[in-house]
Amino acid sequence: MSLFVGIFFILAYRVGHIPGEGADGKWAWIGLFAAELWFSFYWLCTQAVRWNCVYKRTFKDRLSQRYENDLPRVDVFICTADPIIEPPMMVINTVLSVMAYDYPPEKLSVYLSDDAGSDLTFYALLEASHFAKEWLPYCKKFEVEPRSPGAYFLLISDPNDVKEAKAFVAIKKLYEDMESRIRRAAKLGRLSEEQRSKHKGFSQWETYSSKQDHDTILQILIDGKEPNARDVEGCSLPTLVYLAREKRPRHPHNFKAGAMNALVRVSEKISNGDIILNVDCDMYSNNSESVRDAVCFFMDEEKGYEIAFVQFPQNFENATKNEINGSFREGMNVEFHGMDGYGGAPYIGTGCFHRRDALCGKKIHRECMGEWNRENVTKREESLHELEDKSKVYASCTYEENTQWGKEMGLKYGSPVEDVITGISIQCRGWKSVYFNPKRKAFLGVAPVTLSQLLVQNKRWSEGNFLILFLKNSPALYARGRISFGLQLGYWRYCFWAPNCLATLYYSIIPSLYLLKSTPLFPQASSLWFVPFAYVIWSKYSYSLLEFLWCGGTILGWWNEQRIWLYIRTSSYLFGFIAAILKLIGFSDSAFVITAKITDEDVSERYQKEILEFGASSPMFTIITTLAGLNLFCFLGLVKKLVMDAAGIRYFDIMVLQIVLCFVMVLINWPLYQALFVRQDKGKMPSSLTLQSIGFALFACTCFLFFQ
């Protein structure tokens, strides 16, 4: 409340002290007033969500009283799209981690969607299907965590249990042999005739032209309903399916949303799981109990029928101690819980358990939970080959024509963040959702290592979230009255990411430039009006730091977070805003960009040392470098003025807030200056971009001084 009062006085100061007609800095003053109005609105949206922060718990006490055959069937969807950017070994480690869930295997089915239609990925999955027969019983016998073999073998070097040591050595040898075969094939970029002859499924590549032009390739590698689908201990195995949906150059494939919808339809014919988990191919399961945790919410006797999906947070195994590329801890640990308190945790595209009915467009109904108790004992009359052939049609590129898929059914098309708009659409039909963040993280993925990857990723998110405002299921109009106002504010906060660039850029440039002309835009330190500005700044950032530390971060990690937010707001959000506007007026189409999951050894080494990685020319780098250069020149001009002017102390009193703002901008950009002028490694800023950006910054300062 005190912050609200402080903001009110700041706005009152702006209104009451607008410079007179013809006064220097009048329009800059009005611009700052507009920027502060925007920041105030955005802060209120954020606080409205955080004030309702609620933490959920599992209902494991209730689930433990249920019989195992009452559990719903679960289908797991894993999507990959490029065997180079998303290596097959990474993909199958994710596959094996979810196959090994602590869940009845006859009720678990795993689907891999390969949008590249790569025979290398299929080969890796075939190898994984054989290794699973050894890996799954090993995990159960020794209660392994995590159940991604790649992560497990990195974590455990020498088991303490003597009995386990022998089994550990044996299973690790099997894994290394499999890894060697897969990596060898990936390095060659092709499979030998001997490898192809090991499975009939490779014959489906005979008509393959390219990853954008091929028939549907569907192969059930493990049929969980077959009596001979057993591991080495004689226990049942989960169903395992490979799918490469049909692709044709003249038919839009709608990226990940299209792949997910094809999986929904195909899986309905093969396993028809009541619950669908979708997880990115780089987000392996880190907790074998998470599937049961999610099911607990759906099966709760009182409120379970309302739940459409259970969203787990994104966490990353490769995050450095001080999170050099940011962590967004407040979002995952506070803001999502706040939206959860309003009954509508957002769907973020991975680590999410869906109720199939809700995902397919059905409205909420109380009886739906009871349907899970039916046993799917219908004997399948067709052969496995016939089932594969019949199911292929549901993944054809023409199947969705003249249907509601992508509109009222499945994931929604038309936005780069199809997951978010899908979640809003589901909630507008009356469903609720749950955000659950257990102590042991449910999923661990790979965070962007380079700044370029991070900025591109946030550009797509900000563009997509802004476009949502103008789509049918907009939280601003369509959702009004269908979801709570608090939840609307939560979504507004993300929808307005992109426009944040305008106010942030203005505040990062104008006050510093006006230092060069000694024009004050804030109250002087000796004025009472200085108090609300100082109080709001101190309170906001002190609270932010304490909150970050409470969420498990470090002081240096918080400082890194402030830098990354500045870079994202002034570059990613700017380009996302422009791209969204161009799309709205019909000048461009959105494209889905896959973030690379592999990096060079020297890049990874610098990342682990917490050195920001530039190393490439990018228009977004031009923006942040020009901004850093401009503030550096303004600060150097300020230092010269303070040293040479006898009235320097008086000048400091008048311009204190502008001086502090410019100094903080220089300080926060210190790693960028090192990349521009000091570093000699390959991760430094390219020389051509350095000269270009410095030229832009000097030109801006010169024009301001002589032509303003």
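As annotated in an unreviewed UniProt entry, the chain carries the name Cellulose synthase-like protein E1 and comes from Dipteronia dyeriana. For the record of the chain, the UniProt heading Function (unreviewed entry) holds the text "Thought to be a Golgi-localized beta-glycan synthase that polymerize the backbones of noncellulosic polysaccharides (hemicelluloses) of plant cell wall."

Colleague: Can you walk me through the overall build of the chain in this structure?
Modeller: What the chain contains, in helices and strands, is 24 helices and ten strands. For the chain, the C-alpha radius of gyration of 28 Å lies close to 27 Å, the compact-globule estimate for 708 residues. Its C-alpha atoms give the chain principal-axis dimensions of roughly 90 × 55 × 55 Å. Within the span of the chain, comprising 708 residues, buried residues form 58% of the whole. Surface summary for the chain: the accessible area is close to 30800 Å², and the carbon and sulfur share equals 60%.

Colleague: Explain the packing of helix α1 (residues 2–16) against helix α2 (residues 26–50) to me, please; I cannot follow it from the model alone.
Modeller: A pair of packed helices is characterised by two quantities: the angle between their axes and the separation of those axes. Between α1 and α2, whose axes approach to 10 Å, the crossing angle comes to 160°. Here α2 runs roughly antiparallel to α1, going by the angle between their axes. Note on packing geometry: the crossing formed by α1 with α2 is left-handed. Along its contact with α1, which presents L3, F4, I7, I10, L11, Y13, R14 and V15, the element α2 presents W29, L32, F33, E36, L37, S40, W43 and L44. A per-class count over the contact of α1 with α2 returns 13 nonpolar, one polar and two charged.

Colleague: Is there a simple way to explain the UniProt feature "binding site: Mn(2+)" (unreviewed entry) in the chain in this structure?
Modeller: Per the UniProt record, "binding site: Mn(2+)" (unreviewed entry) is found at K256 and D280. The largest pairwise C-alpha distance within this set of annotated residues, which runs over 25 residues, is 10.1 Å, so the set is compact in three dimensions. Judged by its relative accessible area of 17%, K256 is buried. Here D280 lies in strand β5 (residues 275–280). Contacts of D280, omitting those with residues within four sequence positions, involve I78, T94, K256, G349 and T350.

Colleague: Which parts of the structure should I look at to understand the environment of N631?
Modeller: Within the secondary structure, N631 is located in helix α21 (residues 619–644). Along the backbone, N631 and G486 are 145 residues apart, and their C-alpha atoms lie at a distance of 38 Å. In this view, N631 contacts S508, S512, C662, M665 and V666; residues no more than four positions away in its chain are not counted. Among the polar contacts listed, one links the side chain of N631 to the backbone oxygen of S508, at a separation of 3.1 Å.

Colleague: When you look at the UniProt feature "active site" (unreviewed entry) in the chain in this model, what are you seeing that I'm missing?
Modeller: UniProt tags D115 and D419 as "active site" (unreviewed entry). Here D115 is in contact with T80, A81, K211, R245, K247, F255 and A259, once residues within four sequence places are set aside. Inspection of the secondary structure assignment puts D419 in helix α14 (residues 418–428). Beyond its immediate chain neighbours, meaning those up to four positions away, D419 contacts Y347, I348 and G349.

Colleague: Would you take a moment to explain the packing of aromatic side chains for this structure?
Modeller: Each aromatic ring pair is specified by the distance between its two centres and by the angle formed by the two planes. Under the defined criterion, the tally for this structure stands at 49 aromatic pairs. Aromatic pair F77 and Y111: ring centres 5.7 Å apart, planes at 85°, arrangement edge-to-face. With a gap of 34 residues between them, F77 in strand β1 (residues 74–80) and Y111 in strand β2 (residues 108–114) connect regions that are remote in the sequence. A residue is classified by how much of its surface remains accessible, and Y111, at 1% relative accessible area, is buried. Aromatic side chains W497 and Y573 sit 5.8 Å apart centroid to centroid with 15° between the ring planes, which places their arrangement in the stacked category. A residue pair is termed long-range when its members are at least 10 positions apart, and W497 in the loop between α16 (485–495) and α17 (500–515) and Y573 in helix α19 (residues 555–584) qualify at 76 residues. We classify Y573 as buried; its relative accessible area is 0%. Chaining the aromatic ring pairs together yields one cluster made of F8, F9, Y13, W29, F39, Y507, F522, W529 and F533. Across the ring face of F522, the terminal group of R14 is positioned such that the distance to the ring centre comes to 5.0 Å. Directly above the ring of Y541 sits K540, whose terminal nitrogen or CZ lies 4.4 Å from the centroid.

Here is what the cut-offs are and how they apply
Residues numbered from 1 in each chain as written. Predicted model: local features only at pLDDT ≥ 70, side-chain atom pairs only at ≥ 80, totals over all residues. Heavy atoms only, no water. UniProt positions renumbered as here; feature names shortened; annotations may be inferred. Helix = DSSP H or I, 4+ residues; strand = E, 2+ residues; numbered from the N terminus. Rg over C-alpha atoms; globule rule 2.2 N^0.38 Å. Buried < 20%, exposed > 50% of the residue type's maximum accessible area, 1.4 Å probe, protein only. Areas by Shrake-Rupley, 256 points an atom, 1.4 Å probe, with all protein chains shown as cover. Axes fitted to C-alpha atoms, helices over the stretch in contact; angles between N-to-C directions. Parallel < 35°, antiparallel > 145°, perpendicular 65-115°, else oblique. Left-handed = near helix turned anticlockwise from the far one by under 90°. Contact = heavy atoms within 4.5 Å. Nonpolar A, V, L, I, M, F, W, Y, C, P; charged D, E, K, R; others polar. Polar contact = N/O pair within 3.5 Å; in protein donor to acceptor, adjacent residues only side chain to side chain. Phe/Tyr/Trp six-rings, centres within 6.5 Å; stacked < 30°, edge-to-face > 60°. Lys NZ or Arg CZ within 6 Å of the ring centre and 35° of its normal.

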